[in-house]
Structure formats: structure tokens, C-alpha cells
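# Structure assessment
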Amino acid sequence: MRSGALSGAVVGVLGVVAVLWAVGRRDAEVRRIRAVLGVGPDAGASTGWRCAAERWWRWGRTRPEWGCLVVGLLIGLVGASMVPLVLGACAVPGAARVLRAREARREREGRGDAVIRLCGLMAGEVRAGRQPGEALAVAVRESAALSGEGSAAVVAAARFGGDVSGALREAARQPGAEGLHGLAACWRVAVDRGAGLAAGLERLAGALRAERDQRADLQAQLAGPWSTAVMLAGLPVLGLLLGSALGARPLRVLLHTGAGVGCLVVGGALEAAGMCWAVRIVRGAEA
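So, here is what we can say about the structure in this document. (Residues numbered from 1 in each chain as written. Predicted model: local features only at pLDDT ≥ 70, side-chain atom pairs only at ≥ 80, totals over all residues. Heavy atoms only, no water.)

### Comments concerning the overall build of the protein
Counting its regular elements, the protein contains 11 helices and zero strands. For the protein, the α and β elements follow one another from N to C terminus as α-α-α-α-α-α-α-α-α-α-α. A burial count over the protein gives 27% of its 287 residues as buried. Carbon and sulfur atoms form 64% of the exposed surface of the protein, whose accessible area is close to 18,100 Å². (Helix = DSSP H or I, 4+ residues; strand = E, 2+ residues; numbered from the N terminus. Buried < 20%, exposed > 50% of the residue type's maximum accessible area, 1.4 Å probe, protein only. Areas by Shrake-Rupley, 256 points an atom, 1.4 Å probe, with all protein chains shown as cover.)

### As for the environment of Leu 197
Positionally, Leu 197 belongs in helix α9 (residues 197–245). The class for Leu 197 is buried, based on a relative accessible area of 9%. Along the backbone, Leu 197 and Trp 187 are 10 residues apart, and their C-alpha atoms lie at a distance of 6.9 Å. Non-local contacts of Leu 197, meaning those with residues more than four positions away in its chain, are made with Met 122, Val 126, Pro 132, Cys 186, Trp 187 and Ala 190. (Contact = heavy atoms within 4.5 Å.)

### As for the side chain of Glu 125
With respect to the helices, strands and loops of the structure, Glu 125 is situated in helix α4 (residues 83–127). For Glu 125, a relative accessible area of 18% gives the class buried. A polar contact is formed between the side chain of Glu 125 and the side chain of Arg 130, at a distance of 2.4 Å. If sequence neighbours within four positions are ignored, Glu 125 has contacts with Arg 130, Ala 135 and Val 138. (Polar contact = N/O pair within 3.5 Å; in protein donor to acceptor, adjacent residues only side chain to side chain.)

### Some remarks on the side chain of Gln 174
If you trace the backbone, Gln 174 turns up in the loop between α7 (164–171) and α8 (180–193). Reaching out from Gln 174, the side chain makes a polar contact with the side chain of Arg 111 at a distance of 3.2 Å. Not counting residues up to four positions away in its chain, the partners in contact with Gln 174 are Arg 111, Ala 145, Leu 146, Ser 147 and Gly 150.

### Here we look at the environment of Ala 80
As for its position among the elements, Ala 80 is in the loop between α3 (67–79) and α4. Judged by relative accessible area, which is 26%, Ala 80 ranks as partly exposed. The spatial distance from the C-alpha of Ala 80 to the C-alpha of Leu 255 is 8.4 Å, given a sequence separation of 175 residues.

The quantities given are spatial measurements derived from coordinates; they are silent on function.
Take a look at the structure:
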């Protein structure tokens, strides 16, 4: 009876998740059809529970770290214990930090690529006959290498005769925009000594591109060790699944016996230490 109730609870939770997913897809299709046909939002308006489900679905998509709590809830229902739920709740901040770091890394790499495009565009504009200030303004606008106040300060300095190199050095403080230090140096040399700006920009773009390719090659070489570490970290989960398939009930042993709880604590600590060690090795190699 107890296992039947737990199975029913798990099926119920999965059913709720499936309903929320279906409602989100349905509302997206309805909005798309209304946009094509030009139907107003009042025609066939969604009911209150559908709107609430859509809001929850959007909230879940923007905060994927809360999936740890959902996974902990499912495991807790299967194992009839609150421990997985508590562990899932504790894992939410760590997962959020990892996701933010990944997003920041993508943004940093994208800004670095934009700086390379900026240098190439500016070199082309200068060779086409534009004045350096006008070429810089056009390159900043088309490359989207800078954002917010940094972009406005650089464009204003370029158009109105301000301290362009100082504005570029200030904008270079943004993560991924370190190449602007080289652009500031090229600008200062070209203004003070009359050196060719286009040639310096082309050499700077080539150097930044080579550095980016070297970094990408290093990440490709580290992908193998990192995949191995992740695979080894997932072996305990595979062992639990195999034990459950064989009828050994490993969750009951881990969550309801003293020896099992001790093994869970020691194993979790070793797992965390191993992952931290692997991350430290990979980060050290990247640095």
C-alpha cells in the first residue's frame, strides 16, 4: 500500500509538470495564431488557472536552478524522506551561482568577439577614407562591443574631440573588453605621432583573434578531462538506478538506516571534494 501511494504521488507530480508544459505550449501557439490573424487578446481569453499556469511556467524557465528542488521533491517522494528535499533546497543557491557564472562567461566571450569586430570595422572605415573619430563611432555602433554608458562615452569623445583613449580604457574594464586597451594605445600613437591607425588596428585584431583561437583550442583540449569528471560524478546516480531496477531499494537503505545515512554523508562529502578538485585543476589549466 505504501509503495502504491508513493507511486501515485510521483505520477501526480509528473502529471502536474506535464500539464504546465502543455499549457505553456498551448498559450504560445494561441498567441502566435492571434498575431498572424490579427485577433485581439480579448477573443478566447485564457481562464484564470491557465494564466496562473503560464506565469508559473515562465517563472520556471527563467529560474532553472529551482529544478534541484523539484528533483529533491521527487526523490523524497520515492524514498519517503525529507532529506532529498532539504538537499535539493540547499543546492539551489549553488546551481544559481553556476548558471550565473556560465552566463557571465558567455557574455564575456561575446564581448571579446565584438571587440575584434570593432577593430576590423574601424580599420576598414579608416582605409575607406573616414576620419578616425567618425570611423570609431560607426564601428562602435555596428559591432555592439560596448553597452550603456561606456558606448555613449566613447562615441561622444570621438565625435566632439574628447579624451578617446581615456574613454576606451574606461570601457575596457567591462569583462571581455580588455582588447580596448590595445585600441586606446593605437589611438594615442596615431594621434601623438601620426602613425598609421588602420595598420595598427589590423595587427591588434589579428593578435586578439589569435588569442581567442588559442583559448578556444585550450578549452577543446580540456573538454575531455572535464567530461570524464562529470561522468565519474554521475556514476553514483547510475548505481542507485541499477540498484532500484534490481529491487535492492537503495534509497530506503540510504535514507532510513544509520549505516546508509553515514554512507550518504561520507559519499556526498567525497563527491563534492572530487568535483571541487576537478574544477580547480581545469580552472588552473585555463588560467
